[in-house]
Amino acid sequence: MIMLRYVVYRFFTMLLTLLVVSVLIFVIINLPPGDYLSNQIAELQASGQSAGVAKAEFLRAEYALDRPMWEQYLIWMGFWPGPHGFSGLLQGNYGWSFEFDRPVSDIVGDTLWLTVVVNLAAILFVYAVALPLGVLAAAKSRTWIDYTSAFVGYLGLATPNFLLALILFYYGHQYFNLPIGGLMDPSFEGQPMSWEKLKSILIHLIVPTFVIGTSGASAMMQRLRANMLDELGKPYVETAIAKGMAPSRMLTKYPLRVAFNPFVADIGNLLPSMISGSVLVSVVLGLQTIGPTLLTALKTQDQFLSAFVLMFVALLTLIGTMISDILLVMLDPRIRYEGREA
Amino acid sequence: MTDRNDDRFVDDAPFDPQASVQQLERADLDAPNWVLVWRKFRTHKLGLISGIFLLLCYLMLPFAGFIAPYGPNERNGEHLYAPPQSVNWFHEGAFIGPYVYPIVAEADLETFQWKFVPDTEDPRPIRFFCEGSEYRLAGLIPTDTHLFCAPEGATLFLWGSDRLGRDIFSRILYGAQLSLTVGLIGISVSFFLGILFGSMAGYFGGRIDWVINRVIEVLRSLPELPLWLALSAAVPSNWSPVAVFFIISIILGILDWPGLARSVRAKFLSLREEEYVRAAEMMGASSGRVIRKHLLPNFMSHLIASATLSIPAMILGETALSFLGLGLRAPAVSWGVMLNDAQNLASIEIYPWTAIPMLPIIIIVLAFNFLGDGLRDSLDPYQQ
């Protein structure tokens, strides 16, 4: 029951945060002077094409860009009736992309779930790599295993993501015949899901997952190692060894469980930077995720498109953080969030 | 000292058997904090080396123009994408000092690329303290003396040349001026905001604390890069490179402060209950004075260590932004701008040297990490 109350409480704080974030994003998007249409109108007027001006003026009214800023925000969110009644993010209308001249939902379409897939894969990669390596480095501290993993970890933290992406792509293609660019074979694009398509996506995921996950995995590995070392110095470990417990069993049964909690909590800190990384890497590698769309939208001041992409990225991060918080409470019986108002 | 005339000398001072022991202890007890920190930091070899290296790097910045053989935007139209030239010392067994072979571009009609063929018959010694393109030493003194430059009638591309025939080595040196300072300016902004909001939240508590905490939570839960991108996309494109540089570093700092503010707040929460704080308050010190004179010095060193650890993120952030074309723009030279050239697979494969700027990035980021680790370990000298 307490658990359920915490989940509900956590869910509502997330919604509240999302609301604040939406204001923030809207303000940032509208920071540059003018908007896509007013720029276009100025351009058209300069070249004397009055027909285009009329159309752009019509669009401006259509998307309520001629109204005051706060009203624009409320209409965009769907809290306020626009020219066509309530029709905003809440009602599932993501707006219109002026650059592509299509609805935003058309443009983002498939890229949304591909973004989720890429990030999920990267998180799994982080866990799969950081957990065994971190434990191993702590158990064999001050040996060559420890030093090698520390060195690789530091290198992973220091190398810019996008360069790692290019280099791995090049060598992956040369030596392992991994595909270059994209998230699936072009022939599968727009086709229904099938085994072949899934296989193609999986093979294409190898390099991006590695690139996005590396820095996160290194950071997490270092933290897990430090936590494990703290635990290994405690008297109960000594007792277990003195009583003749097998080292591997002792390690996994006690210190690992304690060191594991920060590991789960950390994903909340890690997620923002990983999603950042995925945006950047997607641009470089030409993955069909939301990253490249965001970049073009920002460069062309395509406000509805970029605002939606930013909202989506923020939502993804917030949901991830929420899940990690809830998992943490479930995992660690010592943490109880009683007494807080739900 | 008394001479006893039997070949023995006796000190006049009374004998104290504890003297030697006490002296040692006293020296340590009296030593100011920074001496203790320095003593401990000295034993952290990796941190020490990194610190010296970074110091040298920053000292080099004003003299980048002197060390670089070429100007940052000096083009050499006949040597586009020239590969790195090796500097040799011995020519046919005879020592003639550092020299290079002049390279000549030849069209390769099979791959349709320029091939650069060194003329190994014609060694040309590198000139030292010679006249080259004009630059301003430390940004102030106009001069045209360089530490070394290309031999007469030849080129000197230590790390190759780029798409427009500009020397990559020189550009890396000039790029360091922006890439290395961006982190410092960014961290100052983040430091200022972090301490301001963190201390306000921790010292006053209550409603201010609640508001600041929510802001911190919101900012920390957002992915940084998309926001950086959105903010830098808002920078008007007609601004001067210098203005863009400052605004980009401020943008990097604006999103970085929450982490710092959180640790400041946590420290304040525990420290504000101490007696000396109450004493200061009773004597009528204003909150600003208590914060600045009594609380902050307690963990300033700690903050500096954590700041050192977040500079690399800013350097990488600038690189990423410039790389994507939303950060610094040409003609400004930074490592990210240079890597913009190496953005595609073709250039990595055919002109791998255009990706050389990644090496200084990796080395600087590693150095900052090691330095930060060393500082963090040694800043609490009383702790074992």
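Before going into details, it helps to say that this report is about the structure given with it. (Residues numbered from 1 in each chain as written. Chains lettered and ligands numbered in written order. Predicted model: local features only at pLDDT ≥ 70, side-chain atom pairs only at ≥ 80, totals over all residues. Heavy atoms only, no water.)

## Observations concerning the interface of chain A and chain B
Inclusion rule: Whether two residues are in contact is decided by their heavy atoms: any pair within 4.5 Å suffices. Here the quantity called buried area is the accessible surface, traced with a 1.4 Å probe, that two parts lose on coming together, added over both. Salt bridges are defined by distance alone: a side-chain nitrogen of Lys or Arg within 4 Å of a carboxyl oxygen of Asp or Glu. Polar contact criterion, stated in full: a pair of N or O atoms within 3.5 Å, where within protein one must be able to donate a hydrogen and the other to accept it, and residues adjacent in sequence count only if both atoms are side-chain atoms. Each helix is a run of DSSP H or I of at least 4 residues and each strand a run of E of at least 2, with the numbering of both proceeding from the N terminus.
In this complex, chain A contributes 37 residues to the contact, which on the side of chain B involves 37 residues. Taken over both partners, the interface formed by chain A and chain B buries close to 3,300 Å², and the fraction arising from carbon and sulfur atoms is 84%. The interface formed by chain A and chain B includes 0 salt bridges. Counting across the interface, chain A meets chain B through 2 residue pairs in polar contact (both at pLDDT 80 or more). Of all the secondary-structure elements, those providing two or more residues to the side of chain A that touches chain B are helix H1 (2–29), helix H6 (144–158), helix H7 (161–176), helix H11 (255–285), helix H12 (290–299) and helix H13 (303–331) of chain A.

## Examining the packing of aromatic side chains
This is how the line gets drawn: Stacked, tilted and edge-to-face are the three classes applied to pairs of Phe, Tyr and Trp rings, where Trp contributes its six-membered ring and a pair requires centres within 6.5 Å; stacked means planes under 30 degrees apart, edge-to-face means over 60, and tilted covers the rest. Each residue gets one of three labels from its accessible area relative to the maximum for its type: buried under 20%, exposed over 50%, partly exposed in between, using a 1.4 Å probe on protein chains only.
Enumeration over the complete set of coordinates arrives at 21 aromatic pairs over all chains. Measuring from ring centre to ring centre gives 6.5 Å for Tyr-58 of chain B and Phe-368 of chain B, while their planes differ by 70 degrees; the resulting arrangement is edge-to-face. Separated by 310 residues along the polypeptide, Tyr-58 of chain B in helix H3 (residues 45–60) and Phe-368 of chain B in helix H14 (residues 358–378) bring together distant segments of the chain. An identical accessibility class is assigned to Tyr-58 of chain B and Phe-368 of chain B; each is buried. Taken together, the ring pairs connect Phe-26, Tyr-73 and Trp-76 of chain A into an aromatic cluster.

## Quick look at the layout of surface pockets
Residue and element names in this part refer to chain B. To be explicit about the condition: Computed over the protein atoms alone on a 1 Å grid, cavities are sets of points where a 1.4 Å probe fits but cannot get out and pockets are open sets with protein on both sides within 12 Å along at least five of seven lines; a residue lines them when it has an atom within 4 Å of a point. Grid points are joined across faces, edges and corners, and a volume is the space filled by probe spheres set on the points. Annotation comment: domain bounds sourced from an automatic or database domain assignment.
Each pocket or cavity is described by its volume, and for the second largest pocket that value is around 530 Å³. If you go around the second largest pocket, you meet 21 residues; those closest to its centre are Tyr-174, Gln-177, Leu-178, Val-242 and Val-333. Mapped by element, the contributors of at least two residues to the lining of the second largest pocket are strand E8 (127–137), helix H5 (168–204) and helix H8 (241–254). When residues in the lining of the second largest pocket are grouped by element, the largest group, 5 residues, is from H5. When residues of the lining of the second largest pocket are assigned to domains, at least three fall in each of domain 1 (85–156) and domain 2 (174–379).

## Let's talk about empty space enclosed by the protein
The test is simple: Residue classes follow a fixed rule: Ala, Val, Leu, Ile, Met, Phe, Trp, Tyr, Cys and Pro count as nonpolar, while Asp, Glu, Lys and Arg count as charged, and any other residue, Gly among them, counts as polar.
What the rule picks out here adds up to 4 cavities of 30 Å³ or more. Computed from the structure, the largest cavity encloses a volume of approximately 90 Å³. Together, Ile-28, Ile-29, Pro-32, Ala-297, Leu-298, Gln-301, Gln-303 and Ser-306 of chain A together with Ala-230, Ala-233 and Ala-234 of chain B line the largest cavity. Every element with two or more residues in the lining of the largest cavity is listed here: H1, H12 and H13 of chain A together with helix H7 (224–233) of chain B. Of the residues in the lining of the largest cavity, the class split is 8 nonpolar, 3 polar and no charged.

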